[in-house]
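# Chains, contacts and geometry: an overview
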Amino acid sequence: MKFTPEVCRIKDQRMKPFIDAAEIWEHLNRPAPDKQGVRDIIAKSLSKQRLSLAETATLINATDPELIEEIKNGARELKKRVYGNRIVLFAPLYIGNKCTNNCRYCGFRASNKEAVRKTLDDMEIIHEVEALEDNGQKRLILVYGEHPQYDAEYIAHTVRLVYSVKKGPGEIRRVNINAAPFDIEGFRIVKDSGIGTYQVFQETYHPEVYKQYHLSGKKADYEYRLTSLDRAQEAGLDDVGIGALFGLYDWRFEVMALVRHTNHLEACYNVGPHTISFPRMQDAATLDMDGKYIVNDEEFVRLIAILRLAVPYTGLILTARENKFVRHEVMQYGVSQIDGGTKLEIGSYSESQNQEQDLNKEQFKINDDRSLNEIIEELLENDYMPSFCTACYRLGRTGEHFMEFSVPGFIKRFCGPNALLTLSEYLCDYAPEATAEKGWKMVEKQLKELENSQDTNEIRSRIEQIKLGKRDLYF
Ligand code: SAM
Ligand code: SF4
C-alpha cells in the first residue's frame, strides 16, 4: 500500500490518541475554496483514491450551491462505480440494556431509573433469532449496554449461540457486534467466537465536548474509547467499524475526525475501517441536549456525500433512525448497507403483535419500522439490488486481505454475483408472490447486464441450483 505523507507522519501512532482538534479546525477555517480546486478533488476521488484531511476540508468548505450539487453528483457516480446498485441488508438484535455509563443522549443510561432493564436468556435469544430467520435475515448486529455482566466471554457465548440457531432454510451467516470496547485479551476472546465486524462509535471526537456528554462510567474515558479499535487490531480483529453520533458537536469536525480515524488505522495497521456509521441524534428517554448541533437533512446529505468521496472503499451504514423519505433520498449518495425490519425493544422480534415504541424500553426512537420485505420491495422498485452476501468474511477476505481485493473489478466480480445468489434464496424461501415477481425481474435484468462476463453461465447455473433447493452458494 502507498502512504500519503500525512499517513506516514502518523505511522508510529499505534495505541496513541490521534485527534488534534486544533489541526482539524485549522483546516476547516481556511477560506472557501475555488471551483477548480473542488472539481479536482472530486476527480481524484472518482479515480478511487482516498482523500487527505486537507482535501476533505476543501469539500466541507465548499458551500456554493453549484459545488454542493457537484459533490453530490460525484458521490452518486462513485457509489455506482464502486458498489453498483447493491445494498446489503441486516438487522440489529439488542441482547441487553443494562448499563453503568451515563451518556446524556441514551435511554439506557444508568441514571434513567424508569428504564425497563432486560437481558435475553439463551432461550429468548434462540426465539429472537428464529423470528429473524423467519423473515429472511442472514446478517445481524448484536447490541449491548456496557455492564460487567456483558463481558467478553458472555458476548462470545451469545455470538456462538446465534450462529447455532437454524430454522428451516434460515441461518445467520454473519454476526457483527456493537458493544463497549475491551482490552486486547477481551477482543481476542470475542474474535474467536467468529464475529464479522466489531463496531465502536466515538460519538464525538472532540475531547472536551466528549467529556460534557459522558458523565460517568468507563465510557467517560475519551482516550480509552478512542484507542478501542487499535486494541481490536492488536488482538488480530481486523474487521472494525467506526462512527460518530451526529448532533453532539459540529458535523464538519466529526467528518474530518472520521477521516483521521480512517487514516490512523490505515497507517498503523494497513487496513482502514470496514464501515463508517453516521447515526443522527433521535429522541430518547431522559435525552439531555440543547439541540445546538442538530444536523438538518441538507447537511446530512452533504456529510454522507463527502464521506463517500473521502473514503471510496469504506462501507457506509444508514439505519432506521431515519424515516423512509430521508433513507430513500440519501441512499443514492453512497450508502452501502441498511437495516430492515428493525425493532429495538428487547425480545420484540418474537412477539406476534407490533407494539408502539416505549422509550423506557428502547435506546432511542426509530423512524422506519417497515418490515424487511417492505424494504426489499422498495429497493427493487427503485432499481437497487438487495444483498445478504456474507462471502468475503467467510472466505477470509477481511482486513488487509479485503483491501487487497477491493481493487476495481473485485466488487463487480464477487459482490454482484453473490447479491444475485442471496436475493434468489430470499425470493425462493421468504418473499410473498408480488415481491418474488419483482425480484426475479431484477435478477434477470442484472444477469443481462453481466451478459458479456465469463461468469454469467456459472451464476445462472447456481441460481437454478438454488431453485432446486441448494443453499449457501457463493463466489
Ligand atoms: N453501549 C455500547 C456503546 O456505548 O458503545 C453500544 C452502543 S449503543 C447500543 C449504539 C449506538 O447508538 C451508540 O454508540 C450511539 O452512537 C447510538 N445512540 C445512542 N443514543 C442515541 C440517540 N438518542 N439517537 C441516535 N443514536 C443514539
Ligand atoms: Fe450505555 Fe451505550 Fe447507552 Fe452509553 S450509549 S448509556 S454506554 S448503552
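You'll find the structure just up there.
In this report, the structure presented in the accompanying data block is examined. (Residues numbered from 1 in each chain as written. Chains lettered and ligands numbered in written order. Predicted model: local features only at pLDDT ≥ 70, side-chain atom pairs only at ≥ 80, totals over all residues. Heavy atoms only, no water.)

Next up on the list: the site of ligand 2. Residues in contact with ligand 2, as listed here, are Cys-99, Asn-101, Cys-103, Tyr-105, Cys-106, Phe-108, Arg-109, Gly-145, Lys-219 and Gln-363. A per-class count over the shell around ligand 2 returns 5 nonpolar, 3 polar and 2 charged. (Near = heavy atom within 4 Å. Nonpolar A, V, L, I, M, F, W, Y, C, P; charged D, E, K, R; others polar.)

Turning our attention to the side chain of Glu-171. Note that Glu-171 resides in strand 4 (residues 170–171). At 3.1 Å, the side chain of Glu-171 forms a polar contact with the side chain of Lys-166. Those residues in contact with Glu-171 that sit more than four places away from it in its chain are Glu-133, Gln-137, Lys-138, Val-165, Lys-166 and Asp-472. (Helix = DSSP H or I, 4+ residues; strand = E, 2+ residues; numbered from the N terminus. Polar contact = N/O pair within 3.5 Å; in protein donor to acceptor, adjacent residues only side chain to side chain. Contact = heavy atoms within 4.5 Å.)

Within the element layout of this structure, Pro-181 appears in the loop between strand 5 (174–178) and helix 8 (184–192). For Pro-181, a relative accessible area of 6% translates into the label buried. Taking the C-alpha atoms as reference points, Pro-181 and Trp-25, 156 residues apart in sequence, are found 28 Å from one another. With residues near it in sequence (within four places) discarded, Pro-181 still touches Phe-187, Tyr-198, Val-200, Tyr-224, Arg-225, Ser-228 and Arg-231. (Buried < 20%, exposed > 50% of the residue type's maximum accessible area, 1.4 Å probe, protein only.)

Phi is positive for Met-15, which is not a glycine, with a value near 65°. With respect to the element layout, Met-15 can be found in the loop between helix 1 (5–9) and helix 2 (21–28). The exposure class of Met-15 is partly exposed, given its relative accessible area of 35%. You will see that Asn-270, though not glycine, has its phi angle at about 65°, which is positive. Here Asn-270 lies in the loop between helix 12 (251–269) and strand 8 (275–277).

Running from N to C, helix 15 (residues 372–381) and helix 19 (residues 433–449) cross one another at 40°; their axes reach a closest spacing of 10 Å. Classed by the angle they form, the pair helix 15 and helix 19 counts as oblique. Judged by the twist between their axes, the crossing of helix 15 over helix 19 is left-handed. Of the residues in helix 19, those in contact with Asn-373, Ile-376, Glu-377, Leu-380 and Glu-381 of helix 15 are Ala-434, Thr-435, Lys-438, Gly-439 and Met-442. (Axes fitted to C-alpha atoms, helices over the stretch in contact; angles between N-to-C directions. Parallel < 35°, antiparallel > 145°, perpendicular 65-115°, else oblique. Left-handed = near helix turned anticlockwise from the far one by under 90°.)

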